[in-house]
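# A closer look at the structure
Listed here are the chains, written in short residue letters.
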Amino acid sequence: MLNYEMLKTLPKVDLHRHLEGSLRLETLVETAREYNLDVPKEIESLRPFVQVTNEPPDASSFLAKFETLRHFYRSPEMIHRLAYEVVADAARDHVRYLELRFSPQALSRVQGFRLEDVTQWVIDATQEASRDFNMDVGLILTLVRHNSLEQAKQVAEIGMRNQHQGIRGLDLAGDEINFSADPFKGLFVEAHQAGMQCTIHAGEWCGAEAVRFAVEELGAERIGHGVRATEDQYVLDLLRERQIPLEICLTSNLQTASVAHIGRHPLRQFMQNKIPVTLNTDDPRISNITLTNEFESAVQHLHITYEELRQMTFTAIESAFLSSEKKMRLKQLFSIAWKPTLRDFNAPPSSFPHGNNKSH
Ligand SMILES: [Zn+2]
């Protein structure tokens, strides 16, 4: 019964999705033709440049896709369209609450746009899509470890100034191996003082110490991935004691070789250690997946039950960068479709508002 169709009907939360990794291939091809970009202009020939196909799992070939994607941010209209479609795709997969993250630096680099401007274009597009698809979308600004600290400061300031416009948090991503998070410490302290919440990519390519640092030194409220926290019981205890949620992204972890085999993914180990866990997509178009696929994968390969998926979904709401009133409202809405047990679940929910889906 826990098949793709049934899992798709259930309302879902995605707390870890990068805009840059969520772009429609069809739109990329159109853009390549319109702007005569120096990339293949047919879907199948462009695909291996922007999507993981059958190459061996490897972090650098995964990250190379972002280098190609950077060339598609050609104009304000293009960025608006790309961001709007990302929300439309999430809505189609019945993601009813999305925290979408993006790096203003990545979107601005090739054309030299101002960081404030690209941020505003994404805010406008996602707010429009949020209204059209009747779903709440929060934005997280990603700071990039391997770019300049000065630029990261500018991005963090833009985030702090735009909290009322749906910027809900800060993230730190990028080359975890060669670039320490240490220089960013002051910046995260300042962001917390300004009322922002933070999630940090850690323990994806580096060991448990990176997770400890993110929690104890940067004050992370959530951890992106964190899979290598299993290497140190102290860090597992820290995550449990502070109830720091992990944003788990199964397929991404396989494709970047953070985890050697899906059957060996530590998701269950985290659950046994009573650490809050959530399921997310990371970069759905690069990985060619949806959140429903990730739920299905957890069921098939890690024997996650309906009740455990339900628990993870409510954990995701609880872990969202939202006010307690908004969390309460989401929990009420989700309770309509997510019956307490699989036995109680008998038909796709009809009472959950699905909004006006313009994309098809
Ligand atoms: Zn990520």
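Residues numbered from 1 in each chain as written. Predicted model: local features only at pLDDT ≥ 70, side-chain atom pairs only at ≥ 80, totals over all residues. Heavy atoms only, no water.

The N-to-C vectors of helix H2 (residues 25–34) and helix H5 (residues 76–92) enclose an angle of 170°; their axes lie 11 Å apart at closest approach. With respect to H5, the element H2 is oriented roughly antiparallel. Contacts from Thr 27, Leu 28, Glu 30 and Thr 31 in H2 reach Met 78, Arg 81, Leu 82 and Glu 85 in H5. Taken together, the residues of the contact of H2 with H5 sort by class into 3 nonpolar, 2 polar and 3 charged. (Axes fitted to C-alpha atoms, helices over the stretch in contact; angles between N-to-C directions. Helix = DSSP H or I, 4+ residues; strand = E, 2+ residues; numbered from the N terminus. Parallel < 35°, antiparallel > 145°, perpendicular 65-115°, else oblique. Contact = heavy atoms within 4.5 Å. Nonpolar A, V, L, I, M, F, W, Y, C, P; charged D, E, K, R; others polar.)

Spatial strand order, S1-S2-S3-S4-S5-S6-S7-S8: 8 strands in an open sheet with parallel pairing. The open sheet is flanked by strand S1 (12–18) and strand S8 (277–279), the only strands paired with a single partner. Strand-to-strand, the axes of this sheet are offset by a mean angle of 25°, without reference to chain direction. Strand direction decides the pairing type here: strand S3 (residues 136–144) and strand S4 (residues 167–173), joined by 6 bridges, are parallel. Along S4, the bridge assignment pairs Leu 143 with Leu 172. Along the sheet, H5 makes contact with S1, strand S2 (95–102) and S3, crossing S2 at roughly 150°. (Pairing = 2+ DSSP bridges.)

Binding of the zinc ion to the protein goes through His 16 (NE2), His 18 (NE2), His 201 (NE2) and Asp 282 (OD), at separations of 2.1 to 2.3 Å. Around the zinc ion, the 4 donor atoms sit at angles spanning 83 to 171°, and that spread fits a shape best called irregular. One chain supplies every donor to the zinc ion, and in sequence these donors are spaced H-x1-H-x182-H-x80-D. A residue pair is termed long-range when its members are at least 10 positions apart, and His 18 in strand S1 and Asp 282 in the loop between S8 and helix H14 (284–287) qualify at 264 residues. This pair shows no difference in class: His 18 is buried, exactly as Asp 282 is. (Donors = N, O, S within 2.8 Å, 3.2 Å for Na, K, Ca; no water. Tetrahedral: all angles 85-135°; square planar, octahedral: opposite > 155°, others 65-115°. Buried < 20%, exposed > 50% of the residue type's maximum accessible area, 1.4 Å probe, protein only.)

The next thing to look at is the state of the cysteines. What the rule picks out here adds up to 0 disulfides. Its sulfur unpaired, Cys 198 is 18 Å from the next cysteine sulfur, which belongs to Cys 249. Of the residues examined, Cys 198 reaches a relative accessible area of 0% and is grouped as buried. Left without a disulfide partner, Cys 206 is nearest to the cysteine sulfur of Cys 249, which lies 17 Å away. (Disulfide = S-S within 2.5 Å.)

Here the focus is the pairing of strand S6 (residues 222–225). As judged from the 4 bridges shared by strand S5 (residues 197–202) and S6, these two strands associate in the parallel manner. Note on S6: the bridge partner recorded for Ala 202 is His 225. Inspection of the sheet shows S6 paired to strand S7 (residues 246–248) by 2 bridges, in the parallel sense. Within S7, the residue paired with Gly 224 across the bridge is Glu 247. Each parallel crossover has a hand, and for S6 linked through helix H11 (residues 233–242) to S7 it is right-handed. (Right-handed = clockwise from strand over helix to strand, strands pointing away.)

On to helix H7 (residues 115–132), then. Because the α-helix completes a turn every 3.6 residues, residues three or four places apart line up on one side. Taking 1.5 Å per residue as the helical rise, H7 with its 18 residues ought to reach 26 Å, and the 26 Å between its terminal C-alpha atoms agrees with that figure. The set of residues buried in H7 consists of Leu 115, Val 118, Thr 119, Trp 121, Val 122, Ile 123, Ala 125, Thr 126, Ala 129, Ser 130 and Asp 132. Those residues of H7 that are buried lie in contact with H5, S2, helix H6 (104–108), S3, helix H8 (149–161) and S4. In the stretch just after H7, Asn 134 is the one whose phi turns positive, near 50°. (Expected span 1.5 Å × (residues − 1).)

Generally speaking, a soluble globular protein has its nonpolar side chains buried in company with each other. Among the nonpolar cores identified, the biggest contains 116 residues, and Leu 170, Ile 223 and Leu 239 are the most heavily contacted of them. When residues in this core are grouped by element, the largest group, 10 residues, is from H5. (Core = buried A, V, L, I, M, F, W, Y, C linked by side-chain atoms within 4.5 Å.)

In this model helix H15 (residues 291–302) runs 16 Å from its N-terminal to its C-terminal C-alpha over 12 residues, within 8% of the 16 Å that 1.5 Å per residue would give. Of all the residues in H15, the buried ones are Leu 291, Thr 292, Glu 294, Phe 295, Ser 297, Ala 298, Val 299 and Leu 302. One or two residues past the end of H15 sits His 303, with phi positive at roughly 55°.

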